[in-house]
Amino acid sequence: MNSPLEQYLDSLHRYLRFVPSGWRDEQIAEVRQHLSAHVDELTLAGMTPHAAEEEAIRCFGRASQTARSLAAAWWRQLLPLDVHTRQTALIAAGGLACTGLMQGAAMPLLNLYVPQYLRAPFGMDSLSLVTLVYWFCVGALAGTRGKRGTLRGTLWGGVAGTVVAHLTGRLQAALWMSDPQVRQQMDAAMTRAAHESVTVIQVASLHQLSWILSAFVILCLGASLTARQLSLRRAVN
Amino acid sequence: MNSNRRDLPKNDLPLLILATLEDGPRHGYGIARAIEAVSESALRLREGSLYPALRILEQDGYILGEWEVQPSGPARKVYTLTESGRGELRKRRQEWEQYARFIGTILRGGQNPNEQPT
């Protein structure tokens, strides 16, 4: 069986599996050197090697905590921003990619299933709703930091995110519809949809998929916001 | 052992590392022991927090870390304060002293320590 020191270094290695191996090995070598030096000192002071290793590890702190801080330091050199700005930027970039994919899927949907596609809650299609909710959450995340975690800051951030997303969407739609060819295609699709029957099951499953996706995204962002609020409250208290 | 041991706040660690390296190059374990010795064991440092702080100071160019091969035993990384690090230390030290002076003034009920009581 491995000694406590080796077990500790193994868990540190496991926790740091998402950083480049060269960088990780260097950190682990340095931690090993630190712990070994402490163990030597404690052994000289009269402790048994096993007890000395356990004491050195206790002074060093939990492997998960150390790994988290080291990984944050690695991310910092990659993106020189603070942790929260980085999280928001990553979520926003993910949102842009998802929105792009959904917009790409919107045209075939409109061509094939116009009536069902447009028949969604609150008078808007489900894709627009997902996009708006998404950007509310991104804005709320950014606002949470900007106003040091107050509820007002979160709400203002959310509202700003939604307004910007809505205006961008309207601008995009206006530009899209200003193209006569697209306009013609849209009119043709509307006329066709009024006369043809469509496969309801396919439409239903596409809608379900988009709602499941939106529920998942909202859940993740909600959890992230709650965690952020809780950690801010802990920091304040 | 000091009975009034306090956990060292994470935000103060970079300043203490820079101050410790002002006396000369040290490796990570040496920095931890130096902080403990100078504080007469009054400050409890979670030693694992030292390395992320060293990484950040290294990235900012305030310290330089170099692996040193020893005649006996494994290689160890030794840190040296850079010129930019000395400047940063001076700045942070002044800020800290000013902060401590303000807090001291408030705790003494607004009386400036330099004023002679009448």
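Scroll up for the structure.
Residues numbered from 1 in each chain as written. Chains lettered and ligands numbered in written order. Predicted model: local features only at pLDDT ≥ 70, side-chain atom pairs only at ≥ 80, totals over all residues. Heavy atoms only, no water.

## Considerations on the overall build of chain A
Note the cut-off: Secondary structure elements are defined from DSSP: runs of H or I of at least 4 residues count as helices, runs of E of at least 2 residues count as strands, and each element is numbered from the N terminus. Burial classes follow relative accessibility: with a 1.4 Å probe on protein chains only, a residue under 20% of its type's maximum area counts as buried, one over 50% as exposed, and anything between as partly exposed. The Shrake-Rupley method, run with a 1.4 Å probe, gives the accessible areas here. Residue values count only the displayed protein chains as cover.
When you go through chain A residue by residue, the secondary structure sums to nine helices and zero strands. Moving toward the C terminus, one meets the helices and strands of chain A in the order α-α-α-α-α-α-α-α-α. Split into buried and exposed, the 237 residues of chain A put 36% on the buried side. Of the roughly 14,400 Å² that chain A leaves accessible, carbon and sulfur atoms contribute 65%.

## Things to note about the pairing of strand E5 (residues 76-81) of chain B
All names here are of chain B. Definition in use: Only strands that DSSP links by at least two bridges are regarded as paired with each other.
For strand E2 (residues 26-27) and E5, the ladder comprises two bridges, and the chain directions are antiparallel. Bridged to Arg26 within E5 is Tyr79. Alignment of strand E4 (residues 63-68) against E5, held across six bridges, turns out to be antiparallel. For Trp67, the partnering residue across the bridge sits in E5 and is Lys77.

## Examining the sheet that holds E5(B)
Residues and elements named next belong to chain B. Our working definition: What makes two residues a contact is simply this: any of their non-hydrogen atoms within 4.5 Å. Lines fitted to C-alpha atoms define the axes, with helix axes restricted to the stretch in contact, and inter-axis angles between N-to-C directions lie between 0 and 180 degrees.
Taken in spatial order, the three strands make up an open sheet running E2-E5-E4, and their pairing is antiparallel. Looking at the sheet topology across the chains shown, the edges are occupied by E2 and E4. Packing against the sheet, helix H1 (residues 13-21) makes contact with E2, E4 and E5, and its axis sits at approximately 90 degrees to E5.

## Considerations on the pattern of salt bridges
The condition that has to hold: We count a salt bridge whenever a side-chain nitrogen from Lys or Arg sits within 4 Å of a carboxyl oxygen from Asp or Glu.
Summed over all chains, the structure comprises 13 salt bridges over all chains. Of the charged contacts, one joins A:Arg58 and A:Glu55 as a salt bridge, the two residues approaching to 2.9 Å between their closest N and O atoms. Highlighted residues: A:Arg58 and A:Glu55, both in helix H3 (residues 49-60), separated by three residues, approximately one helical turn. Using a relative accessible area of 22% as the deciding quantity, one classes A:Glu55 as partly exposed. The partner of B:Glu36 in a salt bridge is B:Arg33, with the nearest N and O atoms 3.4 Å apart. With B:Glu36 and B:Arg33 both in helix H2 (residues 28-38), this residue pair falls three residues apart, about one helical turn. Exposure remark for B:Glu36: the relative accessible area of 26% places this residue in the partly exposed category. Beyond isolated ion pairs, a larger network of salt bridges with shared partners links A:Glu26, A:Glu30, B:Arg55, B:Glu58 and B:Lys77.

## Here we look at the environment of A:Pro49
Summarising the element assignment, A:Pro49 is placed in helix H3. Assessed through its relative accessible area of 52%, A:Pro49 is described here as exposed.

## Let's talk about the interface of chain A and chain B
Selection rule: Here the quantity called buried area is the total loss of accessible area, with a 1.4 Å probe, experienced by two parts when brought into contact, counted for both. Polar contacts, as used here, are pairs of N or O atoms within 3.5 Å; protein pairs need one atom able to donate a hydrogen and one able to accept it. Residues neighboring in sequence count only if both atoms are side-chain atoms. Residues are grouped as follows: Ala, Val, Leu, Ile, Met, Phe, Trp, Tyr, Cys and Pro are nonpolar; Asp, Glu, Lys and Arg are charged; all remaining types, including Gly, are polar.
Across the contact, 21 residues belong to chain A and 20 residues belong to chain B. Buried area between chain A and chain B, summed over both chains or domains, comes out near 1,900 Å², and the portion from carbon and sulfur atoms is 52%. Sorting the residues of chain A by area buried against chain B places A:Glu30, A:Gln33 and A:His34 first, and these three jointly supply 32% of that buried surface. Where chain A packs against chain B, one counts two salt bridges. Residue A:Glu26 is joined to B:Lys77 by a salt bridge in which the shortest nitrogen-to-oxygen separation is 3.0 Å. In this structure, the connection of chain A to chain B is made through twelve residue pairs in polar contact (both at pLDDT 80 or more). Elements supplying a minimum of two residues to the side of chain A that touches chain B: helix H2 (21-44), H3 and helix H4 (63-78) of chain A. With ten residues, H2(A) is the largest single contributor of residues to the side of chain A that touches chain B. Taken together, the residues of the side of chain A that touches chain B break down into seven nonpolar, nine polar and five charged.

## Details of a nonpolar patch on the surface
Residue and element names in this part refer to chain A. Defined as follows: Every patch collects residues that have over 30% relative accessible area and no salt bridge, joining them within 9 Å if they carry like charges and within 5 Å if they are nonpolar side chains (Val, Leu, Ile, Met, Phe, Trp, Tyr).
Together, Phe136, Trp156, Val159, Val163 and Leu167 line one region of the surface with nonpolar side chains, adding up to about 490 Å² of accessible area. Ranked by residue count, the leading element in the nonpolar patch is helix H7 (residues 151-177), at four residues. Considering the arrangement of structural elements, one finds Phe136 in helix H6 (residues 126-146). With a relative accessible area of 31%, Phe136 lands in the partly exposed category.

## Structural notes on the nonpolar core
Stated precisely, the cut-off is as follows: Throughout, nonpolar core names a set of buried Ala, Val, Leu, Ile, Met, Phe, Trp, Tyr and Cys residues whose side chains join them through atoms within 4.5 Å.
One finds A:Leu35, B:Leu13, B:Ile17, B:Ile31, B:Leu50, B:Leu54 and B:Ile63 to be the most contacted residues of the largest nonpolar core, which totals 41 residues. The set of elements that each furnish at least two residues to this core consists of helix H1 (4-15), H2, H3 and H4 of chain A together with H1, H2, helix H3 (50-59) and E5 of chain B. Here the element with the most residues in this core is H2(A); it accounts for six residues. In contact with B:Ile63, other than residues within four places in its own chain, are B:Leu18, B:Leu21, B:Leu54, B:Leu57, B:Glu58, B:Tyr79, B:Thr80, B:Leu81 and B:Thr82.

## Re the packing of H2(A) against H2(B)
Packed helix pairs are specified by the crossing angle of their axes together with the interaxial distance, meaning the distance between the axes. Stated precisely, the cut-off is as follows: Throughout this description, any angle smaller than 35 degrees is read as roughly parallel, any larger than 145 degrees as roughly antiparallel, any in the 65 to 115 degree range as roughly perpendicular, and the remainder as oblique.
Put simply, H2(A) and H2(B) touch, their axes get as near as 8 Å, and they point 55 degrees apart. Relative to H2(B), H2(A) is oriented oblique. Residue-level contacts link A:His34, A:Ala37, A:His38 and A:Glu41 of H2(A) to B:Gly28, B:Tyr29, B:Ala32 and B:Arg33 of H2(B). Residue classes in the contact of H2(A) with H2(B) are distributed as three nonpolar, three polar and two charged.

By themselves, these are just geometric observations and shouldn't be taken as functional.
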